[in-house]
Amino acid sequence: MEETKKTSAHAIGTAALITGIITFVLAVIPCVGIIAIIPGIITIVLAVIGLTQASRDNSPLTLLISSLVIGIVAFLISFSQIFVTTRLVRHTDKLPREIRETIKDIHDEVVKDLEQSKVNIRIESNGEVVEIQTGTDNKEIKLKQLEELEKTDKTKTDSLPEK
Amino acid sequence: MSFTEQFLTLFRKETYITVNASLAVIILIIFVYFALFSPAKNNYPFTCIHEELTGEPCLSCGLSHSFSLIIKGRITEAYDWNPNGIRIFLFFLGQLFFRVVFSYYYIVAESIRKQLIIYDITGSCFMFLLSFLPFITYLF
């Protein structure tokens, strides 16, 4: 029974060491390293369970302590990647804001240019010519002219003359 | 006792052999994984968070492509995908070699077992630092 308990502590220690080594290698890879938090926790838990069992059975602790140290270091490296991700999120938040500001600037410039420009619309239909001129200089006058034109046109129908 | 029998007995008893064999199997699985996925089809299950968020590649971007291309023997293309890919791949390849060689000498030469473990740990740490130095400097 004693031998079985020793073997289980030893097996747990071995598993913790293997998980710890893999976690350590994974943790130092940028962006991917954040995933190593989970195996890091598993390593620490395994090492702690193994240590508890080994201290009860008076079996050697070297393997378990080394796996616990590797697990903790790997977990800390992996955890530090959260700060790298935070830096990234800040960076990404900055990008859309810059895009929004640029679009707003372009929109304002286009509206400003349109307000200052003069637009001429000339419509010819059955010999009648309607000319609309827009611009900033006489905007109100042109609006009145447009309203008058609309009033006069109300009597006319858009339908084709009957044969 | 044959070498295989000796290996199996030590695999059950000696932690060093168990760890070595497990790590060798894991490295082989990694190589098979990268050999299975095609860089042309871009069918890798994991994508980079950095590239997804910012649209800009990070230091580890293209590592999967690079590994697959190295396995297929296209070294120049692998370097183009990620300049660090070759050194990381060499680390894993070196580790596979270390696991096999050190396990062999651990079984054969009983008198120098402790020395072998010390050499292995020192060599592996040095190799790790050398291979992952760009990533470590990027993180800290």
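Along each chain, numbering runs from 1 in the same order as the chain's sequence is written. Key to labels: chains lettered from A, ligands numbered from 1, both in the order written. Selection of residues for local features in this predicted model requires a pLDDT of at least 70, selection of side-chain atom pairs for listing and counting requires 80 or more, and totals for whole chains, interfaces and linings are taken over all residues.

### Structural notes on the overall build of chain B
- Runs of E in the DSSP output that reach at least two residues are strands. Runs of H or I that reach at least four are helices, and both are numbered from the N terminus. Secondary structure assignment for chain B yields seven helices and zero strands.
- Counting from the amino terminus, chain B carries its helices and strands in the arrangement α-α-α-α-α-α-α.
- C-beta atoms are placed from the backbone for every residue, and two residues are taken to be in contact when these atoms lie within 7 Å. Taking all contacts inside chain B whose residues are at least 6 apart in sequence as the whole, residues at least 24 apart take part in 53%.

### Comments concerning the overall build of chain A
- In terms of helices and strands, chain A carries four helices and two strands.
- Sequence-ordered secondary structure for chain A, helices as α and strands as β, is α-α-α-β-β-α.
- Split into buried and exposed, the 163 residues of chain A put 26% on the buried side.
- In chain A, the proportion of contacts linking residues at least 24 apart, taken out of those at least 6 apart, comes to 65%. Here a residue counts as buried when 20 or more other C-beta atoms sit within 10 Å of its C-beta, as exposed when there are 12 or fewer, and as partly exposed otherwise, the C-beta atoms being derived from the backbone.

### Focus on the interface of chain B and chain A
- Taken together, the 19 residues of chain B in the interface contact 20 residues of chain A.
- Residue contributions to the side of chain B that touches chain A peak at six residues, all from helix H2 (residues 15-36) of chain B.
- Amino acids are sorted into nonpolar (Ala, Val, Leu, Ile, Met, Phe, Trp, Tyr, Cys and Pro), charged (Asp, Glu, Lys and Arg) and polar (every other residue, Gly among them). Across the side of chain B that touches chain A, the residue classes tally to 13 nonpolar, six polar and no charged.

### Focus on the confidence of the model for chain A
- One number per residue, pLDDT, summarises how confident the predictor is, and it ranges from 0 to 100. Counting all residues, the mean pLDDT for chain A is 79, and 79% of those residues have values of 70 or more.
- The weakest mean pLDDT in chain A belongs to helix H4 (residues 139-153) of chain A at 74; the strongest belongs to helix H2 (residues 37-57) of chain A at 90.

### As for the packing of H2(B) against helix H6 (residues 85-108) of chain B
Residue and element names in this part refer to chain B.
- Note on definitions: angles span 0 to 180 degrees between N-to-C directions of axes, and those axes are lines fitted to C-alpha atoms, for helices only across the stretch in contact. Look at H2 against H6: their axes get within 9 Å of each other, and the N-to-C directions meet at 150°. Viewed along their axes, H2 and H6 adopt a mutual orientation that is roughly antiparallel. Both H2 and H6 take part in a crossing whose hand is left-handed. Contacts between H2 and H6 involve Tyr16, Ile17, Asn20, Ala21, Leu23, Ala24, Ile27 and Ile30 from the former and Phe92, Gln95, Leu96, Arg99, Val100, Phe102, Ser103 and Tyr106 from the latter.
- Among the residues forming the contact of H2 with H6, the class breakdown is twelve nonpolar, three polar and one charged. When describing relative orientation, an angle under 35 degrees is termed roughly parallel and one over 145 degrees roughly antiparallel, while 65 to 115 degrees is termed roughly perpendicular and anything else oblique. The hand of a helix crossing depends on one turn: near helix anticlockwise from the far one by less than a right angle means left-handed, and clockwise means right-handed.

### Overview of the nonpolar core
- In this description, a nonpolar core means buried residues of the types Ala, Val, Leu, Ile, Met, Phe, Trp, Tyr and Cys, linked to one another by C-beta atoms lying within 7 Å. Among the nonpolar cores identified, the biggest contains 30 residues, and A:Leu17, A:Ile21 and A:Ala74 are the most heavily contacted of them.
- Elements with a minimum of two residues in this core: helix H1 (2-27), H2 and helix H3 (62-116) of chain A together with H2 of chain B.
- A total of nine residues in this core trace back to one element, the largest contributor, which is H1(A).
- The contacts of A:Leu17, once residues within four sequence positions are left out, are A:Leu63, A:Ser66, A:Ser67, A:Ile70 and B:Val19.

### Some points on the packing of helix H4 (residues 63-71) of chain B against H6(B)
All names here are of chain B.
- Look at H4 against H6: their axes get within 9 Å of each other, and the N-to-C directions meet at 65°. Regarding H4 and H6, the two cross each other, and that crossing is right-handed. Of the residues in H6, those touching H4 at Leu63, Ser66, Phe67 and Ile70 are Gly85, Ile86, Ile88 and Phe89.
- Among the residues forming the contact of H4 with H6, the class breakdown is six nonpolar, two polar and no charged.

### Digging into the environment of A:Ala16
All names here are of chain A.
- Among the structural elements, Ala16 can be located in helix H1.
- For the pair Ala16 and Leu64, spaced 48 residues apart in the sequence, the C-alpha separation amounts to 7.5 Å.
- If sequence neighbours within four positions are ignored, Ala16 has contacts with Thr43, Leu46, Ala47, Gly50, Leu64, Ser67 and Gly71.

### Remarks on unusual backbone geometry
- Positive phi is not limited to glycine here, since A:Asn58 has a value of about 55°.
- Inspection of the secondary structure assignment puts A:Asn58 in the loop between H2 and H3.

### Examining the environment of A:Val28
- Position of A:Val28 among the secondary structure elements: in the loop between H1 and H2.
- The spatial distance from the C-alpha of A:Val28 to the C-alpha of A:Gln81 is 8.7 Å, given a sequence separation of 53 residues.
- With residues near it in sequence (within four places) discarded, A:Val28 still touches A:Gly33, A:Ile77, B:Phe132, B:Phe135, B:Ile136 and B:Leu139.

### A closer look at the confidence of the model for chain B
All names here are of chain B.
- In this model, chain B carries an average pLDDT of 86, and 99% of its residues clear a pLDDT of 70 or more.
- Across chain B, H6 holds the top mean pLDDT of 92, while helix H3 (residues 49-54) sits lowest at 71.
- Complex prediction metrics read pTM 0.68 and ipTM 0.74.

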